[in-house]
Amino acid sequence: PTDVITKANAAVLLFQGGEDAEADPQQTALMRSVLDQNKMIYELVTYPDAFHLFEREEKFHPLGLRTKFGVRTGYNRAAAEDSWQRTLAWMRKYLR
């Protein structure tokens, strides 16, 4: 994603699961660096106890489910609800 993010002509909202093995801390640091270097408006929110795909409903991604790449996923209600509220607020702020 870092190779295309600078083409975005918009504010960027990113959510990271702290237990996400697919988007590891190095990728997150690189994304933050690219956004900073390009003076882009962004917010990066990390949910320490959340896995990859934490916002997907539990019936589709029960805790412990693994992707075809072996990455652990799982619904995290607190992170999902908070990220949704942040998304709505972000849209109200930047999509006017």
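Note: the structure precedes this text.
One structure accompanies this document, and this report is about it. Keep in mind that this is a model prediction, so the values were computed, not measured. (Residues numbered from 1 in each chain as written. Predicted model: local features only at pLDDT ≥ 70, side-chain atom pairs only at ≥ 80, totals over all residues. Heavy atoms only, no water.)

1. Some details on helix 2 (residues 25-37)
Across its 13 residues, helix 2 extends 18 Å between first and last C-alpha, which sits within 8% of the 18 Å expected from 1.5 Å per residue. Among the residues making up helix 2, those that are buried are Thr28, Met31, Val34 and Leu35. Along the axis of helix 2, the buried positions cluster into a sector of 125°, meaning they face one direction only. Exposed side of helix 2, more than 90 degrees from the buried face: Pro25, Gln26 and Gln37 are the residues found there. Contacts from the buried residues of helix 2 go to helix 1 (2-5), strand 1 (12-17) and strand 2 (42-47). (Helix = DSSP H or I, 4+ residues; strand = E, 2+ residues; numbered from the N terminus. Expected span 1.5 Å × (residues − 1). Buried < 20%, exposed > 50% of the residue type's maximum accessible area, 1.4 Å probe, protein only. Arc of directions from axis to C-beta. Contact = heavy atoms within 4.5 Å.)

2. Points about the side chain of threonine 87
Note on placement: threonine 87 falls in helix 3 (residues 77-94). Looking at threonine 87, the relative accessible area reads 16%, which means it is buried. The residues touching threonine 87, leaving out its near neighbours within four places in the chain, are Leu13 and Phe15.

3. Brief notes about the nonpolar core
Judged by nonpolar contacts, Ile5, Val12, Met31, Val34, Leu35 and Met40 together constitute the single largest core of 6 residues. Considering every element that reaches this core, the biggest residue donor is helix 2, with 3 residues. Apart from the residues lying within four places of it in its own chain, the contact partners of methionine 31 are Pro1, Thr2, Ile5 and Leu14. Of all hydrophobic cores here, the second largest spans 5 residues; its members include Val45, Ala50, Phe54 and Ala79. (Core = buried A, V, L, I, M, F, W, Y, C linked by side-chain atoms within 4.5 Å.)

4. Focus: the pairing of strand 1
Looking at chain direction, strand 1 and strand 2 are connected through 6 bridges and run parallel. By the bridge assignment, leucine 14 is partnered in strand 2 with leucine 44. This β-α-β element, strand 1 to helix 2 to strand 2, shows right-handed connectivity. (Pairing = 2+ DSSP bridges. Right-handed = clockwise from strand over helix to strand, strands pointing away.)

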